[in-house]
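Listed below are the residues making up each chain.
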Amino acid sequence: MALPTVAVLAGGLSHERDVSLRSGRRLSAALRGQGLTVEEWDTDAGLLSRLRTDRPDAAVIALHGGEGENGSVQTILEMLKVPYVGTSAQGCRRAWDKPTAKALIADAGISTPDWVVLPNSTFRELGAQEVLDAIVEDLGLPLILKPDQGGSALGTQVVRDAAELPAAMVGCFAYGDTVLAEQLIDGTEIAIGVVEREGGPQALPAVEIVPESGVYNYTARYTAGLTDFFSPARLSEDMAKSVGELAVSAHRLLGMRDISRTDAIIAPDGTVQFLEVNSSPGLTETSTVPMAMEAAGTNLGEVFAELVTRAIARG
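Source: prediction; values computed, not measured.

This next bit is on unusual backbone geometry. Peptide bonds are mostly trans, and most non-glycine residues show a negative phi. Here L141 and P142 are connected by a cis peptide whose omega angle stands at 0°. The topology assignment puts P142 in the loop between α7 (128-139) and β6 (143-147). In this structure, P232 follows S231 across a cis peptide bond, with omega equal to 0°. As for its position among the elements, P232 is in the loop between β12 (227-230) and α10 (237-253). Of note, K81 is a non-glycine position whose phi angle comes to about 60°, a positive value. Counting through the fold element by element, K81 comes out in the loop between α3 (72-79) and β4 (84-85). In this structure, D258 takes a positive phi of about 75° despite not being glycine. Relative to the elements of secondary structure, D258 occurs in the loop between α10 and β13 (259-266).

Our focus in this paragraph is the sheet that holds strand β7 (residues 157-159). Within the open sheet, the 4 strands sit side by side as β5-β8-β6-β7. Their pairing is antiparallel. The open sheet has two edge strands, β5 (115-119) and β7, and neither has a second partner. Geometrically, the sheet is characterised by an average inter-axis angle of 20° between neighbouring strands, direction not taken into account. Pairing of β6 with β7 involves 3 bridges; the strand directions are antiparallel. The residue of β7 that forms the bridge with I144 is V158. Here helix α8 (residues 165-173) sits on the sheet and contacts β5, β6, β7 and β8 (178-183); the angle it forms with β6, its principal contact strand, is near 25°.

Moving on, we get to the packing of α3 against helix α4 (residues 89-96). Across the interface, α3 lies against α4 with an axial gap of 8 Å and an inter-helix angle of 175°. The orientation of α3 with respect to α4, classified from their angle, is roughly antiparallel. Seen from α3, the contacting residues are Q74, T75 and E78; seen from α4, they are A89, C92 and R93. When grouped by side-chain class, the residues that make up the contact of α3 with α4 number 2 nonpolar, 2 polar and 2 charged.

A separate point is the sheet that holds strand β2 (residues 37-42). Overall, parallel pairing links the 4 strands, which are arranged β2-β1-β3-β4 in an open sheet. The sheet is open, and its two borders are formed by β2 and β4, each paired with just one other strand. Taken together, the 4 bridges between strand β1 (residues 5-10) and strand β3 (residues 58-61) define a ladder with parallel strand orientation. Within β3, the residue paired with A7 across the bridge is A59.

Turning our eyes to something else, we now look at the side chain of E189. Tracing the backbone shows E189 in strand β9 (residues 188-197). Other than its neighbours up to four places away in sequence, E189 contacts V207, E208, I209, Y216, A264 and I265.

All right, on to the pairing of β13 then. Burial analysis of β13 places 8 of its 8 residues in the buried class, which makes it a mostly covered element. In this sheet, β13 lies alongside β9 in antiparallel orientation, the contact comprising 8 bridges. Pairing of A191 across the sheet is with D263, part of β13. Joining the antiparallel neighbours β13 and strand β14 (residues 272-278) is a turn of 5 residues, in which G270 adopts a positive phi near 90°.

Okay, the side chain of R261 next. Its location among the elements puts R261 in strand β13. Only 2.8 Å separates the side chain of R261 from the side chain of D263, close enough to count as a polar contact. R261 has contacts with A191, I192, G193, R221, E276, V277, N278, P281, G282, T288 and V289, leaving out every residue within four places of it along the chain.

All right, on to the environment of L226 then. Within the fold, L226 resides in the loop between α9 (218-222) and β12. Residues L226 and E39 lie 187 residues apart in sequence; the distance between their C-alpha atoms is 32 Å. When neighbours within four sequence positions are excluded, L226 is seen to be in contact with P211, E212, T219 and A220.

Thresholds applied
Along each chain, numbering runs from 1 in the same order as the chain's sequence is written. Selection of residues for local features in this predicted model requires a pLDDT of at least 70, selection of side-chain atom pairs for listing and counting requires 80 or more, and totals for whole chains, interfaces and linings are taken over all residues. With hydrogens and water excluded, all non-hydrogen atoms of the structure serve as input to the side-chain values. Secondary structure elements follow DSSP: runs of H or I of four or more residues count as helices, runs of E of two or more count as strands, with numbering from the N terminus. Strands pair, by our definition, only if DSSP identifies at least two bridges between them. All axes here are fitted lines through C-alpha atoms, helices being fitted over the stretch that makes contact, and every angle between N-to-C directions spans 0 to 180 degrees. Residues are treated as being in contact if the distance between any of their heavy atoms lies within 4.5 Å. Geometric relationships in this document are graded by angle, where less than 35 degrees denotes roughly parallel, more than 145 denotes roughly antiparallel, 65 to 115 denotes roughly perpendicular, and other angles denote oblique. Charged residues are taken to be Asp, Glu, Lys and Arg, nonpolar residues to be Ala, Val, Leu, Ile, Met, Phe, Trp, Tyr, Cys and Pro, and polar residues to be all remaining types, Gly included. Three exposure classes are used, based on accessible area relative to the maximum for each residue type with a 1.4 Å probe and protein chains only: buried under 20%, partly exposed in between, and exposed over 50%. Polar contacts, as counted here, are pairs of nitrogen or oxygen atoms within 3.5 Å of one another; within protein the pair requires one atom able to donate a hydrogen and one able to accept it, and residues that are adjacent in sequence qualify only if both atoms are side-chain atoms.

This is the structure:
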């Protein structure tokens, strides 16, 4: 029986295009290593036409940001009945909007840092300084500001002094019209991948993240040598179990499918604080999910070849 033909969708036009291309190239090479026929598709205006004329047996989404994570590309694949690896359009929309994801997580009783969400228009209409003062009065300092949608920490700003807030807000608004201001927890930063196997979603070993600068921003994520990664994380057996359970719970609560990555912070008091879920985690050389797979005794090609088989069977 011929092995399936897989289209790896990468690139696109989001701010994270370069990272997506890196993920796509690495994933494609890993799937070819499993004997699959793989085509790398740069996702652009020709996608629908190509899906109709050169229909793959399955698509794998290696898109980061924009249409690749907000459910748009997933909707296209669903309309054209093309099987694909990854979360459904509906699930993507829940995870893509960080305030929505945090609210659902908090409603389920999972700890997440306190936050407020405000659009740019509120600052213009009510006075930027007055609104900033109210944020500090409510949440205190330090804070982390991030666009309410997006990935790779683009636009993310850490604020430890109120005087830094105006410039940080401007930097955040460069990537979106709405800002999420969140209490900054100085603790152990971890990423936990979740992969669905025959028995259901399973947590991969957590990866501990220690950036040289102290802030895990875009540069620290994708520049080799600027961040130390510990895979598995330096956690007690009980804590490793707890963070794995949190990631699986988040995966289920937000309707993730096949694979996801939960980002969290272990506070100094030992509380695990949920930050966000990524429905299309990075697969580059400095990304945590491939590291976690290696720590679990598997690899990118084996995991995604299995997910391709599951996607085709799902139809």
